[in-house]
Every structure is written in C-alpha cells, then in structure tokens.
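So you can see what is in the structure, the chains are spelled out below.
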Amino acid sequence: MTAKNLSLQILPVDVDRDCVEIATIYRHYVLNTFATFEEVPPSSSEMQQRIAACLDGGYPYVVAKVDGVCVGFAGTKLFYGRTAFHPSAENSIFLDPGFCGHGIGTLLLTRLIDDCSQRGILNLVALIGGGARNESSTRLHASCGFELVGNVRNVGRKIGQLHDMSIMQLVLPRNERTVKYVQNASDS
C-alpha cells in the first residue's frame, strides 16, 4: 500500500481539531524511541499551545489525514528559539507508526518545504534524534534535499543509553521575493 492507494489529504493543521491526534502520535515517539529527546509526553492542551505558537510566529504546520483521521504531522518553529536565527526554522515530522513506509512522510515534508518557501524561510534545520541510527528520518530528509551538516555524539540519554543527534539542513532558494519577504518580516 502506498500514499496513492490511501484516501490521503495533506492539510494545514486545525489546531482545535488535530491537537489530540497529534499528541497521541507524538506520545508514542516520546515514550518508545530516541527520535525525540523529550521524555514526558505533552498533553493535548500543551501540544495545542505549541502549535499555536508556531502558527502565531508565521511558521507552517501541516497534517496528513486518511479518511479524516490525522496519521501524521510536520511543523516548523523558530530555530533554537532565538529571533536572531530568523529566517531559519527547525522542522519536525512524525507519523503514526502504522502509516510509516507508505510515502506519507515524503508528501508531508514536501508540502512543508513548499509552505516554508512561500513564507520566506531560507533555511530548514532538522535535529534528528538518534543520529545515523534513525535511518528512516535521515533517509526521508535526504530524499527531500537535506544535507548532513553535523553530528553531535552521545548528546542525549534515552531508553537507557546515550544517542547521537544529527543535524541536517536544507537551504531554500533565495530569490528576490523571498529575500524581500524576510527583510520585511524582520523589520516588524
């Protein structure tokens, strides 16, 4: 089965409707994997606040829905939480484990990249928990044009052991429209 065989839609997030499903998906990764170094799963209300903050900052956030049910999400936020990093953004992407391997991640990340380009973001940075051991995320990002720019060894402790974190970057086109948008956004 592939994304083409599913009744799949990639849509902008609806914060009120989607946050419970997003929190449920993310909870799996927090509790069972080294893909994120977060150790306590955020509640749906905490997730709602996080997503709203991303949207309020002008950062895109999208969901994948199959038959109206959220099966994955991809979002961006201000890189490293510091305004001097604007126009760069950190991206995250997580799928319901039952929907991995069907091409949904590629569709989500491609849409996120397009949305970032439209909003004048110049750099996307992926911080990949587990480093090279997180093969699926590394492969997904590489397939969408991200390049490995660094690896921090043994930086996170999760599931009883130390893990690396890879840093991958995608430099988006710097056309005149994008640069003008970024300059105007930083003036406000």
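Residues numbered from 1 in each chain as written. Predicted model: local features only at pLDDT ≥ 70, side-chain atom pairs only at ≥ 80, totals over all residues. Heavy atoms only, no water.

**Let's talk about the nonpolar core**
Reasoning step 1: Core analysis: the biggest nonpolar cluster contains 44 residues, and Ile22, Phe73, Leu108, Leu109, Ile113, Leu124 and Phe146 have the highest contact counts within it.
Reasoning step 2: Ranked by residue count, the leading element in this core is helix H1 (residues 15–32), at seven residues.
Reasoning step 3: Setting aside anything within four residues of it in sequence, one finds Phe146 in contact with Asn91, Leu109, Ile113, Leu124, Ala126, His141, Met168, Gln169 and Leu170. (Core = buried A, V, L, I, M, F, W, Y, C linked by side-chain atoms within 4.5 Å. Buried < 20%, exposed > 50% of the residue type's maximum accessible area, 1.4 Å probe, protein only. Helix = DSSP H or I, 4+ residues; strand = E, 2+ residues; numbered from the N terminus. Contact = heavy atoms within 4.5 Å.)

**A short note on the sheet that holds strand E5 (residues 123–129)**
Reasoning step 1: Judged by pairing direction, the sheet is mixed, and its seven strands sit side by side in the order E1-E2-E3-E4-E5-E7-E6 without closing on themselves. One side of each edge strand has no neighbouring strand; the edge strands of this open sheet are strand E1 (8–12) and strand E6 (147–158). Looking at each pair of strands side by side, their axes are set apart by 25° on average, direction ignored.
Reasoning step 2: In this structure, E1 lies alongside strand E2 (residues 61–66), joined through five bridges in antiparallel fashion. Paired with Gln9 across the bridge in E2 is Lys65. (Pairing = 2+ DSSP bridges. Axes fitted to C-alpha atoms, helices over the stretch in contact; angles between N-to-C directions.)

**With respect to unusual backbone geometry**
Reasoning step 1: Residue Pro87 is reached from His86 by a cis peptide bond, and omega for that bond is 25°.
Reasoning step 2: For Asn154, which is not glycine, the phi dihedral falls at a positive 50°.
Reasoning step 3: Take Asn154: it is sitting in strand E6.
Reasoning step 4: Its relative accessible area of 46% is what places Asn154 among the partly exposed residues.

**Examining the packing of H1 against helix H2 (residues 44–56)**
Reasoning step 1: One way to put it is that H1 packs onto H2 with a least axis distance of 8 Å and a crossing angle of 115°. Where H1 crosses over H2, the two elements pack in a sense that is right-handed. Residue-level inspection shows Val15, Asp16, Cys19, Val20, Ile22, Ala23 and Tyr26 of H1 in contact with H2, the latter providing Ser44, Met47, Gln48, Arg50, Ile51 and Leu55.
Reasoning step 2: When the residues that make up the contact of H1 with H2 are grouped by side-chain class, the tally is nine nonpolar, two polar and two charged. (Left-handed = near helix turned anticlockwise from the far one by under 90°. Nonpolar A, V, L, I, M, F, W, Y, C, P; charged D, E, K, R; others polar.)

**So, the pairing of strand E7 (residues 161–171)**
Reasoning step 1: The pairing of E5 with E7 spans seven bridges and is antiparallel. The partner of Gly129 across the bridge, within E7, is Met165.
Reasoning step 2: Where E6 and E7 come together, eight bridges link them in antiparallel fashion. Across the sheet, residue Val152 finds its bridge partner in E7, namely Met165.

**Some points on H2**
Within an α-helix, residues lying three or four positions from one another point in the same direction, as the helix has 3.6 residues per turn.
Reasoning step 1: An ideal rise of 1.5 Å per residue puts 18 Å on 13 residues; H2 measures up with 18 Å between its terminal C-alpha atoms.
Reasoning step 2: By the burial criterion, the buried members of H2 are Met47, Ile51 and Cys54. Angularly, the buried residues of H2 cover 55° about the axis, an arc narrow enough to put them on a single face. For H2, the exposed residues set more than 90 degrees away from the buried face come down to Gln49 and Asp56.
Reasoning step 3: Here the buried face of H2 lies against H1, E2 and strand E3 (69–78).
Reasoning step 4: Just downstream of H2, Gly58 is the residue with a positive phi angle, here 85°. (Expected span 1.5 Å × (residues − 1). Arc of directions from axis to C-beta.)

Don't take any of this as a statement about function, it's just geometry.
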